Amino acid sequence: MSRVKKGIILLLVFTVLLAAVSCGSPGSGGQKAQKEQTETETDTGTRMFTDSVGREVELPETIESVAPSGMVAQVMLYTLCPDMLCGLSQRFTDYAFDFVDEKYLSLPLFGQLYGSGATLNLEALMEAQPDVIIDIGEKKENMAEDLDGLQEQIGIPVIFVEATLPTMAEAYRTLGELGCEPERAQTLAQYCEDTLAYADEKAAQIPEEERKTVYFAMGDDGLTTTTEESIHADVVERIGAVNAAQKDALPARVGTVSFEQILVWQPDFILAETPWLYEGITQDSLWQDVTAVQEGRIFVIPYKPYSYMNSPPSVNRMIGVWWLGELLYPEVYNVDIEEKIAEFYELFYHVVPDEAQIQDILSQS
């Protein structure tokens, strides 16, 4: 081999070696750049979310599975993104079956974080492994500490989204921003805004002296009630009526009053929480001294699949605005309540009720 060829070969070998070194051996700048790129890609897999009590929670960039921590959350998530639900806080009642697809009836049961006798099944939650657990509703005392504790205990992100009657639209938009059906979230939010705007417009047309008083009968005997400005009865005030139980009537938002007090109030209308309570009141001779009972101005609050007034105090109350407004002020509201029910059920409950179902919903039984 000539000296020239040998020189060319040596030059080529040297060039290859130099290139290999410059690309980086272990610990070199080239490998470091590759590592930094990998870390950046990993970082984009999560994002920070500030919930309604100011907690910063790290969430997956893409959310595909959600778990409700209570019934308010269950109803809202079911109306918005039912196929993202990996479980339920509470089983659907028998009378809700006509309005619920069978595939949701057998979802795992998680229980609830707040409420009377609340128990949350942590085992079931950890087994389901949702991307996030969502609590929705009113703010509660020590809520931030409660949610932090739950999150630390089970290793799953937990967030709170405030949702009262006035903030329902905002809550839907927040859920949409999280990735829970954003376009649908906007549609449901707009419905809530339009409903409340209509109620406010109509309420403004009702003179103070013409506003109806309403007694909300609850419990076994109808003597349990809820006061004005309570989340359990705020539909009453929103449609331009007056809660017979003013704020100072009870030491808390829900409590018991005497029958003598109801006789003093003599409400224009009585709303019975259940059909059996309605039956009990209308058949009890004692209640016949109440003018509203004498004159047939006592009504069962529609409850299929959820109460139109409360229980839970979630988006189900939006159709309650239309129902109660038309019931108390038909000349002001001027709406076809059957059409409104069909519209609401199709939009929120994913089902179109037929005429017989609508009549059943509006019946007193």
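Here the structure is a predicted model, which means the values were calculated and not measured. (Residues numbered from 1 in each chain as written. Predicted model: local features only at pLDDT ≥ 70, side-chain atom pairs only at ≥ 80, totals over all residues. Heavy atoms only, no water.)

Q: Looking at this structure, I do not really get the sheet that holds strand β4 (residues 132–137). What am I missing?
A: Across a sheet, strands are paired by hydrogen bonds formed along the backbone, either parallel or antiparallel in direction. Here we have three strands laid out as an open sheet, ordered β3-β4-β5, and parallel in their pairing. For this open sheet the edge positions go to β3 (66–68) and β5 (158–162), each flanked by a neighbour on one side alone. Taken pair by pair, the neighbouring strands of this sheet meet at an average axis angle of 30 degrees, ignoring direction. By the bridge criterion, five bridges tie β4 to β5 in an arrangement that is parallel. The residue of β5 that forms the bridge with Asp135 is Phe160. Against the sheet, helix α3 (residues 71–80) contacts β3 and β4, and its axis sits at roughly 105 degrees relative to β4. Helix α5 (residues 143–154) rests against β4 and β5 of the sheet, and its axis sits at about 150 degrees to β5. (Pairing = 2+ DSSP bridges. Helix = DSSP H or I, 4+ residues; strand = E, 2+ residues; numbered from the N terminus. Axes fitted to C-alpha atoms, helices over the stretch in contact; angles between N-to-C directions. Contact = heavy atoms within 4.5 Å.)

Q: Got a minute to help me understand the sheet that holds strand β11 (residues 298–300) in this structure?
A: With parallel pairing, the four strands of this open sheet are ordered in space as β8-β6-β10-β11. In this open sheet, the two edge strands, each paired with only one partner strand, are β8 (242–243) and β11. With three bridges connecting them, strand β10 (residues 269–272) and β11 associate as parallel partners. The partner of Leu271 across the bridge, within β11, is Phe299. Sitting on the sheet, helix α10 (residues 275–283) is in contact with β6 (213–217), β10 and β11, with an inclination near 155 degrees to β11.

Q: Quick question: what am I supposed to make of unusual backbone geometry here?
A: Trans is the common state for peptide bonds, and a negative phi is the common state for residues other than glycine. Geometrically, the link from Lys304 to Pro305 is a cis peptide bond, its omega value of 0 degrees lying close to zero. Structurally, the position occupied by Pro305 is in the loop between β11 and α12 (317–328). A positive phi angle, near 50 degrees, is found at Gln129, a position not held by glycine. Tracing the backbone shows Gln129 in the loop between α4 (122–128) and β4.

Q: I keep staring at the packing of α3 against helix α6 (residues 168–178) and nothing clicks. Help me out?
A: Packed helices, taken two at a time, are described by the angle their axes make and the gap between the axes. The contact between α3 and α6 brings their axes to 11 Å, and the two run at 65 degrees. You can see that α3 and α6 cross each other, and the crossing is right-handed. In this structure, α3 uses Met76, Leu77, Thr79 and Leu80 to contact α6, whose residues at the interface are Met168, Ala171, Tyr172 and Leu175. When its residues are assigned to classes, the contact of α3 with α6 shows seven nonpolar, one polar and no charged. (Left-handed = near helix turned anticlockwise from the far one by under 90°. Nonpolar A, V, L, I, M, F, W, Y, C, P; charged D, E, K, R; others polar.)

Q: Sorry if this is basic, but what is going on with the packing of aromatic side chains here?
A: The relation between two aromatic rings is expressed through the spacing of the ring centres and the mutual angle of the planes. The tally for this structure, following the rule as stated, stands at 18 aromatic pairs. When the centroid spacing of 5.6 Å and the interplanar angle of 65 degrees are considered together, the rings of Tyr198 and Tyr333 count as edge-to-face. Highlighted residues: Tyr198 in helix α7 (residues 182–203) and Tyr333 in helix α13 (residues 330–333), separated in sequence by 135 residues. Relative accessible area serves as the criterion here: at 0%, Tyr333 is assigned to the buried category. Here a set of aromatic residues connected by ring pairs shows up, and it is made of Phe99, Tyr172, Tyr191, Tyr306, Phe344, Tyr345, Phe348 and Tyr349. Between Lys140 and the ring centre of Tyr114, over which it is positioned, the NZ or CZ distance is 4.8 Å. Sitting over the face of the ring of Trp322, Lys340 holds its NZ or CZ atom 3.9 Å from the ring centroid. (Phe/Tyr/Trp six-rings, centres within 6.5 Å; stacked < 30°, edge-to-face > 60°. Buried < 20%, exposed > 50% of the residue type's maximum accessible area, 1.4 Å probe, protein only. Lys NZ or Arg CZ within 6 Å of the ring centre and 35° of its normal.)

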